[in-house]
Amino acid sequence: MLSKNKVIFLGAPGAGKGTFSAMLLEQVKLAHISTGDILRAEVASGSELGKQAAIIMQRGELLPDEIVAAMVKSRLAQDDCREGFILDGFPRTTPQAELLKQALQELDNELDGVIFFKVEDELLLKRLSGRISCKACGEIYNRYFQKPAVDMICDKCGGELFQRPDDSIETARERLKVFYEQTEPLIDYYRQQGLLLTITEVEKNKAFAALLELLQ
Ligand code: ADP
Ligand code: ZN
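Keep in mind the model is a prediction, meaning the values are calculated, not measured.

S.K.: Provide a residue-level description of the packing of helix α2 (residues 35–45) against helix α3 (residues 48–59), including the pertinent values.
M.R.: Relative orientation of the contacting elements α2 and α3 amounts to 120 degrees, with a least axis distance of 7 Å. For the element pair α2 / α3, the angle class is oblique. Seen along the crossing, α2 lies across α3 with a hand that is left-handed. On α3, the residues touching G36, L39, R40, E42 and V43 of α2 are L49, G50, A53, A54 and M57. Residues that form the contact of α2 with α3 fall into these classes: 6 nonpolar, 2 polar and 2 charged.

Shown next, in the form of structure tokens:
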């Protein structure tokens, strides 16, 4: 098999990692490991960890490396991850990348590549601060680019639309700052290892087709 289907999606918040993952997963069977989703589920569960996480996420800051890495490691230990995975939103710091490397070694699994989604800041901020989603069905809209027909009502199911607390303009700015300070160094880190593939906004459609082929 030539497929390279064990990949990291790297990019600023709002770069489209989640959307791209969802589109790919409609067509290829891969484990999707989104640390943001795992953490939001933890928050929703009302656990002690969830309560702590909610505060940190609302500030736009990152959770401690060891905690997030342990979550990812236990997910990677599940059988389906042997066939292929998309790590969406992890690693986000150099220590996380080192912990990932160690975990993959221990699990006798490996990484094939890192896809970096390169997007301009101005667009990122509009995507984040404009993002609203349906409480009932999860459909995502954007106040600037993809408005619902009726303000704050879901076109699909009539449900109420809401903004994620960490998508407020203040938190969105903080998340971008955190990206440049803590996550951006990973671009060079993986480039030096020969693993990096950069996708820009203009090439997105072409890249999707190419990725689909690679991930099969
Ligand atoms: P986005 O990529 O849109 O910022 P995510 O859904 O990936 O959002 O993550 C939401 C929040 O969850 C982050 O702002 C951060 O607080 C926390 N988080 C997610 N992934 C990580 C990670 N790898 N390390 C630390 N914190 C994380
Ligand atoms: Zn809906």
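S.K.: Account for the sheet that holds strand β8 (residues 196–200), naming residues and giving values.
M.R.: Read from one edge to the other, the open sheet built from 5 strands follows the order β2-β3-β1-β4-β8, with strand pairing classed as parallel. Of all strands in the sheet, those bounded by a partner on one side alone are β2 (31–34) and β8. Taking each pair of neighbouring strands and ignoring which way they run, the sheet shows an average axis angle of 20 degrees. Sheet contacts for α2: β2 and β3 (85–88); angle to β2, the most-contacted strand, approximately 65 degrees.

S.K.: An account of the pairing of strand β1 (residues 6–11) is requested, with residue identities and associated values reported.
M.R.: Among the 6 residues that make up β1, 6 are buried, leaving the element largely enclosed by the rest of the structure. Side chains K6, I8 and L10 project from β1 onto one buried face, and the interleaved V7, F9 and G11 project onto a second face that is buried too. Judged from the 4 bridges that link them, β1 and β3 form a sheet pairing that is parallel. Among the inter-strand pairings, F9 is bridged to a residue of β3, identified as D88. One ladder, built from 5 bridges, connects β1 with strand β4 (residues 113–118); its direction is parallel.

S.K.: Which residues make up the packing of aromatic side chains, and what are the values?
M.R.: Within this structure, the stated rule accounts for 7 aromatic pairs. With a centroid separation of 5.6 Å and 80 degrees between ring planes, the pair formed by F20 and F208 is classed as edge-to-face. With F20 in helix α1 (residues 17–25) and F208 in helix α9 (residues 204–215), this pair connects stretches of sequence that are 188 residues apart. Note on F20: relative accessible area 3%, which makes it buried. Their ring planes at 90 degrees and their centres at 4.9 Å tell us that Y189 and Y190 sit as a pair that is edge-to-face. A relative accessible area of 2% places Y190 in the buried class. Of the aromatic side chains, those joined through ring pairs into one cluster are F9, F20, F117 and F208. The positively charged end of K126 is found above the aromatic ring belonging to Y144, 5.5 Å away from the centroid.

S.K.: An account of the pattern of salt bridges is requested, with residue identities and associated values reported.
M.R.: Two side chains of opposite charge can pair, provided their charged atoms sit close to one another. Taken as a whole and assessed by the stated rule, the structure comprises 14 salt bridges. Of the charged contacts, one joins D166 and R164 as a salt bridge, the two residues approaching to 2.9 Å between their closest N and O atoms. The class for R164 is buried, based on a relative accessible area of 18%. When the shortest N-O distance is used, the salt bridge between K204 and E201 registers 3.2 Å. Taking the relative accessible area as the measure of exposure, K204 reaches 21% and is therefore partly exposed.

S.K.: Mind laying out the site of ligand 1, listing which residues take part and the relevant values?
M.R.: Around ligand 1, 19 residues are found, and the nearest of them are T35, R40, E61, Q96 and R175. Within the backbone of L63, an N or O atom sits 3.1 Å from a nitrogen atom of ligand 1. For ligand 1, whose free accessible area comes to 540 Å², the fraction covered by protein is 96%. No other element matches α2, which puts 4 residues into the shell around ligand 1. Partitioned by chemical class, the residues of the shell around ligand 1 number 7 nonpolar, 4 polar and 8 charged.

Rules of the game
- Residues numbered from 1 in each chain as written.
- Chains lettered and ligands numbered in written order.
- Predicted model: local features only at pLDDT ≥ 70, side-chain atom pairs only at ≥ 80, totals over all residues.
- Heavy atoms only, no water.
- Axes fitted to C-alpha atoms, helices over the stretch in contact; angles between N-to-C directions.
- Helix = DSSP H or I, 4+ residues; strand = E, 2+ residues; numbered from the N terminus.
- Parallel < 35°, antiparallel > 145°, perpendicular 65-115°, else oblique.
- Left-handed = near helix turned anticlockwise from the far one by under 90°.
- Contact = heavy atoms within 4.5 Å.
- Nonpolar A, V, L, I, M, F, W, Y, C, P; charged D, E, K, R; others polar.
- Pairing = 2+ DSSP bridges.
- Buried < 20%, exposed > 50% of the residue type's maximum accessible area, 1.4 Å probe, protein only.
- Phe/Tyr/Trp six-rings, centres within 6.5 Å; stacked < 30°, edge-to-face > 60°.
- Lys NZ or Arg CZ within 6 Å of the ring centre and 35° of its normal.
- Salt bridge = Lys/Arg side-chain N within 4 Å of Asp/Glu carboxyl O.
- Near = heavy atom within 4 Å.
- Polar contact = N/O pair within 3.5 Å; in protein donor to acceptor, adjacent residues only side chain to side chain.
- Areas by Shrake-Rupley, 256 points an atom, 1.4 Å probe, with all protein chains shown as cover.

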